[in-house]
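# Fold and contact review
Okay, here's what each chain looks like letter by letter:
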Amino acid sequence: MPKVELNIPEHLEMQIAQMVEQGEFLNREEAIEDLLSTGMKAYKTSGPMDDNNEPGFEDDGMMGHEDEYVF
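Residues numbered from 1 in each chain as written. Predicted model: local features only at pLDDT ≥ 70, side-chain atom pairs only at ≥ 80, totals over all residues. Heavy atoms only, no water.

Another point: the overall build of the protein chain. Secondary structure assignment for the protein chain yields 2 helices and 2 strands. The N-to-C order of helical and strand elements in the protein chain reads α-α-β-β. Buried residues in the protein chain amount to 8% of all 71 residues. If you sum the accessible surface of the protein chain, you get close to 6800 Å²; carbon and sulfur atoms cover 54% of it. (Helix = DSSP H or I, 4+ residues; strand = E, 2+ residues; numbered from the N terminus. Buried < 20%, exposed > 50% of the residue type's maximum accessible area, 1.4 Å probe, protein only. Areas by Shrake-Rupley, 256 points an atom, 1.4 Å probe, with all protein chains shown as cover.)

Spelled out as structure tokens, the structure:
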């Protein structure tokens, strides 16, 4: 398995350490691997968020109506 070195913010490191302490993961490596894998699956499912390409929605409501929805 390839090895990766990364720097993460202190608050994330603390959250990972806490999950390991609470027994949610066996160790830090397993926690990071599982969390990264879960994040990748979620990203693949939802894809990148691009509000500009969402069909049917205008700035002032659906189909140009401010207070009502048209189906």
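Following the structure, the description resumes.
Using the criterion set out here, one finds 1 salt bridge in the structure. Measuring nitrogen to oxygen at the nearest pair gives 3.1 Å for the salt bridge that ties Arg28 to Glu13. Here Glu13 lies in helix H1 (residues 10-21) and Arg28 lies in helix H2 (residues 28-46), a separation of 15 residues in the sequence. Residue classification places Arg28 among the partly exposed positions, given a relative accessible area of 46%. For Glu13, a relative accessible area of 22% gives the class partly exposed. (Salt bridge = Lys/Arg side-chain N within 4 Å of Asp/Glu carboxyl O.)

Residues Glu29, Glu30, Glu33 and Asp34 make up a contiguous surface patch of negative charge. Relative to the helices and strands, Glu30 resides in helix H2. (Patch = residues over 30% accessible without salt bridge, like charges linked within 9 Å, V, L, I, M, F, W, Y side chains within 5 Å. Lys, Arg positive; Asp, Glu negative; His and termini not counted. Charge placed at Lys NZ, Arg CZ, Asp CG, Glu CD.)

What follows is about the packing of H1 against H2. Packing of H1 against H2 brings their axes to within 9 Å, and their N-to-C directions diverge by 115°. It follows from the interaxial angle that H1 and H2 lie roughly perpendicular. For the element pair H1 and H2, the recorded crossing hand is right-handed. Contacts between H1 and H2 pair Glu13, Ile16, Met19 and Val20 from the former with Arg28, Ala31, Ile32 and Leu35 from the latter. When the residues that make up the contact of H1 with H2 are grouped by side-chain class, the tally is 6 nonpolar, no polar and 2 charged. (Axes fitted to C-alpha atoms, helices over the stretch in contact; angles between N-to-C directions. Parallel < 35°, antiparallel > 145°, perpendicular 65-115°, else oblique. Left-handed = near helix turned anticlockwise from the far one by under 90°. Contact = heavy atoms within 4.5 Å. Nonpolar A, V, L, I, M, F, W, Y, C, P; charged D, E, K, R; others polar.)

Quick look at a nonpolar patch on the surface now. A cluster of nonpolar side chains, namely Val4, Leu6, Ile8 and Leu12, defines an oily patch on the protein surface of about 360 Å² accessible area. As for its placement among the helices and strands, Ile8 is situated in the segment before H1. Note on Ile8: relative accessible area 31%, which makes it partly exposed.

This part covers H1. End to end, H1 covers 16 Å across 12 residues, agreeing with the expected 16 Å (1.5 Å per residue, within 8%). One or two positions beyond H1, positive phi appears at Gly23, with a value near 85°. (Expected span 1.5 Å × (residues − 1).)

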